[in-house]
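# Examination of the molecular architecture
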Amino acid sequence: MRTKLFLSAALALLASSALAAGADLGQAVKQATNWTAISMFAVFVVATLFITKWAASRTKSAADFYTAGGGITGFQNGLAIAGDYMSAASFLGISAAVMVSGFDGLIYSIGFLVGWPVVTFLLAERLRNLGKFTFADVAAFRFRQTPIRLFAAAGTLVVVAFYLIAQMVGAGQLIKLLFGLDYELAVVIVGALMMVYVLFGGMTATTWVQIIKAVLLLGGASFMALMVLWHFGFSPEAMFAKAVDVKTQLAIDAGKSAIDASAIGLSIMGPGGFVKDPISAISFGMALMFGTAGLPHILMRFFTVPNAREARKSVLWATTWIGYFYILTFIIGFGAIAFVLTNPQFLDAKGALLGGGNMAAIHLASAVGGNVFLGFISAVAFATILAVVAGLTLSGASAVSHDIYATVIKKGQASSAAELRVSKLTTLALGLIAVLLGIAFEKQNIAFMVSLAFAIAASANFPVLVMSVLWKDCTTRGAVAGGVLGLVSSVVLTVASPAVWEATLGHAKGSALFPYASPALFSMAMAFTTIVVVSLLDKSRRAAIDRAGFLAQQVRSETGIGAAMAAAH
Amino acid sequence: MDPTLAQRIAQHPKYLALKARRSRLGWWLTAAMLAVYYGFILLVAFDKPLLASRLGDGVTTLGMPLGLAVIVFTVAITGLYVRRANREFDRLADQLRAEVTR
């Protein structure tokens, strides 16, 4: 029944149309209540609640709430960024993708890494030098505040909403699967804990939850990869050879001829159906690469460090950890072929993974580390989701309180206390909305939502940010027109693409109006072109002010002179 | 920042050097990253047999070390920028700050 759904979801991840489908967690079957996992998770929750209590005593001003007072070091922030970015979906989804099709899983994971150098070279230190709390501070630096702030807040909230739905639904499915709790209960637990972290501990608590999660996830995944490699005498060739053998044998068992089976076995060592048409591949690659540089909850993290130097260090650490993590998921995926697909304990009567395709890493944990390690990895997967949703919520709350309330409504005259109050109310509202959406989308195919979030970030937030910082002639009108067009076109083209129009909305196969897997190539081009054309044609008085403001902005972005300093505690 | 200070900094030779060097390094490295990643993707799209060709007698294919090399390259190129920025650009910016705010 549903078991079939997982397998097909995991396979669909690699099918051509699923280029657009981010790593999602799919549907899941409720498992027996796992007390080891629950107690380990309880330890994590208690520890993080103590940290939240400590963080709450340090969270007094709006600056503390949004940026932990700017007192996080580069190394800590690097871990926190990695903790913010490595989701449970990428841990379980990518290792499962590698298990199903080997090399294609590697291609997929590389896309999530290559945006980081772009962030480093073009944005990180300039963001730190120009901004205070949100990326809109940077995008609106020399422009008319109201339109840019409203656009940036919309861009933030839309990206956060899609990302959050994907995480909440994933959390519910995962917890049902790993802990044996009901879906609704799982979603409510995630929503409640995330509200507590953000509401009381603000950025300080969120940062530490992300750091702890990153350390646990990297530690647990390292142990699994090490055990796999150790088994093969640290020879990748031996590991690959075993995986090819297993896949070949499975194909023979499924009734293939010896020649076909051998080809199927070897197919995991080279590219398969993941990249079918080059346009989709490039478009999807652009969404991942430039989307990373436009994710509001990631950009926000650069304001938590005291200066540009620490901002740079944090992005180098983050890139290192994330790159290392993707290498681990690759080894884990191959380990799962060798140890999970060959062990009847983890398979159902048809040879599919118990609990669904995304269980590859979880079963491997059990295979290499026994029941206690299984519990540990399950608890880490849950903690992973919490860390990501806390970062998302904080970013959404800051868009409402800092960009809309304090800047647009109060024209920058809001007191720190009033701004903090609005942030907390928004956090509550976002928590409730996240729980409701999580429950509403339980049965929906949400595979496209993470890649949609990346596509919007790449097509709306990134062009406006990069042009406002780097291009002298950019004007308020140009930025807003291009950004809004990027936002609308990326959403519309995603809805019209096969992954949503056919797979989710159930229209006939081949009826999708937009044939490619990702809109980014087109929507980014539209956004950048519009920004350039509208800015160049803009002869308004405001445009003159916008252009005149570039010099001072550039001096500050390059030198940090006049940048917001870390608030003293 | 008051406009006269900004004007003064903007004409300072150290500022001009900082801006030019950072921008040159940033764009070159961005171009290198784009070339490596999209080169890899285009190779996947247009020459699957090459990536699936075996190295030596085992099952290991060219694609495997190449894919891992893209990951290592991504981290290394980030490290390269950060190293140079932390040594050279920060020193220039510090000297500049000291000279203009004296």
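On a predicted model such as this, the values are computed, not experimentally measured, just so you know.

About the thresholds
Residues numbered from 1 in each chain as written. Chains lettered and ligands numbered in written order. Predicted model: local features only at pLDDT ≥ 70, side-chain atom pairs only at ≥ 80, totals over all residues. Helix = DSSP H or I, 4+ residues; strand = E, 2+ residues; numbered from the N terminus. Rg over C-alpha atoms; globule rule 2.2 N^0.38 Å. Buried ≥ 20, exposed ≤ 12 C-beta atoms within 10 Å, placed from the backbone. Contact = placed C-beta atoms within 7 Å. Nonpolar A, V, L, I, M, F, W, Y, C, P; charged D, E, K, R; others polar. Core = buried A, V, L, I, M, F, W, Y, C linked by C-beta atoms within 7 Å. pLDDT = per-residue confidence, 0-100. Axes fitted to C-alpha atoms, helices over the stretch in contact; angles between N-to-C directions. Parallel < 35°, antiparallel > 145°, perpendicular 65-115°, else oblique. Left-handed = near helix turned anticlockwise from the far one by under 90°. Expected span 1.5 Å × (residues − 1). Bend = angle between axes of the 7 residues up to and from the residue.

### Some thoughts on the overall build of chain B
- When helices and strands are tallied, chain B shows four helices and zero strands.
- Its helices and strands taken in sequence order, chain B reads α-α-α-α from the N to the C terminus.
- Expected size for 102 residues packed as a compact globule is a radius of gyration near 13 Å; at 21 Å, chain B overshoots this value by more than 25%.
- Once the C-alpha set of chain B is aligned to its principal axes, its extents read approximately 70 × 25 × 20 Å.
- By residue count, 29% of the 102 residues in chain B fall in the buried class.
- For chain B, restricting intrachain contacts to residue pairs at least 6 apart in sequence, the fraction spanning at least 24 positions comes to 60%.

### A few points about the overall build of chain A
- Within chain A one finds 23 helices and zero strands.
- Scaling as 2.2 N^0.38, a compact globule of 569 residues should have a C-alpha radius of gyration of about 25 Å, and chain A matches this with 23 Å.
- Principal axes of the C-alpha set define a box for chain A whose edges measure 75 × 50 × 40 Å.
- Expressed as a percentage of its 569 residues, the buried residues of chain A come to 66%.
- A separation of at least 24 residues holds for 83% of the contacts in chain A among residues at least 6 apart in sequence.

### Quick notes on the interface of chain A and chain B
- At the junction of the two partners, chain A supplies 46 residues and chain B supplies 45 residues.
- For the side of chain A that touches chain B, the secondary-structure elements that each account for two or more residues are α6 (103-113), α7 (115-130), α11 (236-253), α13 (278-292), α15 (308-339) and α23 (550-559) of chain A.
- Residue contributions to the side of chain A that touches chain B peak at 10 residues, all from α15(A).
- The residue makeup of the side of chain A that touches chain B, split by class, is 31 nonpolar, nine polar and six charged.

### Notes on the nonpolar core
Residue and element names in this part refer to chain A.
- Counting 243 residues, the largest nonpolar core has Val190, Leu364 and Leu386 as the members making the most contacts within it.
- Sorting elements by how many residues they give to this core places helix α16 (residues 360-409) first, with 30 residues.
- In contact with Leu386, not counting residues within four places along its chain, are Val190, Leu193, Met194 and Val209.

### Concerning the confidence of the model for chain A
- With 93% of its residues at a pLDDT of 70 or more, chain A has an overall mean of 88.
- Predicted confidence is poor over residues 1-23 of chain A, with pLDDT under 50, and the contacts of this stretch with residues over four places away or in other chains come to 74 contacts.

### Focus on the environment of Leu316(A)
- Following the sequence through the fold, Leu316(A) ends up in helix α15.
- Sequence-wise, Leu316(A) and Phe41(A) are 275 residues apart; in three dimensions their C-alpha atoms are separated by 30 Å.
- Residue contacts for Leu316(A): discarding those within four places in its chain leaves Gly78(A), Thr78(B), Gly79(B) and Val82(B).

### Concerning the environment of Gly483(A)
Residues and elements named next belong to chain A.
- With respect to the secondary-structure elements, Gly483 resides in helix α19 (residues 476-495).
- In this structure, the C-alpha to C-alpha distance between Gly483 and Ala152, residues 331 residues apart in sequence, is 8.6 Å.
- Here Gly483 is in contact with Phe151, Gly155, Ala460, Pro463, Val464 and Ala527, once residues within four sequence places are set aside.

### Some thoughts on the confidence of the model for chain B
- For chain B, mean pLDDT is 91; residues scoring 70 or higher make up 97% of the total.
- In the predicted complex, the global pTM is 0.90; the interface-specific ipTM is 0.94.

### Looking at the packing of helix α2 (residues 13-46) of chain B against helix α4 (residues 63-100) of chain B
All names here are of chain B.
- Packing of α2 against α4 brings their axes to within 10 Å, and their N-to-C directions diverge by 175°. Accordingly, the angle class assigned to the pair α2 and α4 is roughly antiparallel. Residues Lys14, Tyr15, Ala17, Leu18, Arg22, Leu25, Leu29, Ala32, Met33, Val36, Tyr37 and Phe40 of α2 form the contact with α4, whose own contacting residues are Val70, Phe73, Ile77, Tyr81, Arg84, Phe89, Leu92, Ala93, Gln95 and Leu96.
- Classifying every residue of the contact of α2 with α4 gives 18 nonpolar, one polar and three charged.

### Structural notes on the packing of α11(A) against helix α12 (residues 258-267) of chain A
Residue and element names in this part refer to chain A.
- Axis separation between α11 and α12 bottoms out at 7 Å; the angle between their running directions is 140°. Between α11 and α12, the crossing angle belongs to the class labelled oblique. Pair α11 / α12 crosses with right-handed handedness. Every residue of α12 that contacts α11 at Val244, Asp245, Lys247, Thr248, Ala251 and Ile252 is listed here: Ala258, Asp260, Ala261, Ser262, Ile264, Gly265 and Leu266.
- Residues of the contact of α11 with α12, tallied by class, amount to seven nonpolar, three polar and three charged.

### Quick word on helix α4 (residues 74-85) of chain A
All names here are of chain A.
- End to end, α4 covers 16 Å across 12 residues, agreeing with the expected 16 Å (1.5 Å per residue, within 8%).
- Counted residue by residue, α4 has 11 buried out of 12 residues, so it is predominantly covered.
- Residues Gly74, Gln76, Asn77, Gly78, Leu79, Ala80, Ile81, Ala82, Gly83, Asp84 and Tyr85 constitute the buried set of α4.

### What about unusual backbone geometry?
All names here are of chain A.
- Phi angles above zero are rare outside glycine, and Ala68 is one such case at about 55°.
- Turning to its location among the elements, Ala68 is positioned in the loop between α3 (62-67) and α4.
- The exposure class of Ala68 is buried, given the 30 C-beta atoms found within 10 Å.
- A positive phi angle is found at Lys411, which is not glycine, with a value near 50°.
- Looking at the element boundaries, Lys411 is found in the loop between α16 and α17 (416-440).

### Quick word on helix α10 (residues 183-231) of chain A
Residues and elements named next belong to chain A.
- Under the 1.5 Å per step criterion, the end-to-end length of α10 is only 37 Å for 49 residues, more than 12% shorter than the ideal 72 Å.
- Gly201 marks where α10 bends most, by close to 130°.
- In terms of burial, α10 is largely enclosed, as 35 of its 49 residues are buried.
- Where α10 terminates, the next one or two residues include Gly233, which has phi positive at roughly 60°.

### Here we look at the environment of Ala238(A)
- Here Ala238(A) lies in helix α11.
- Setting aside anything within four residues of it in sequence, one finds Ala238(A) in contact with Phe232(A) and Gly233(A).

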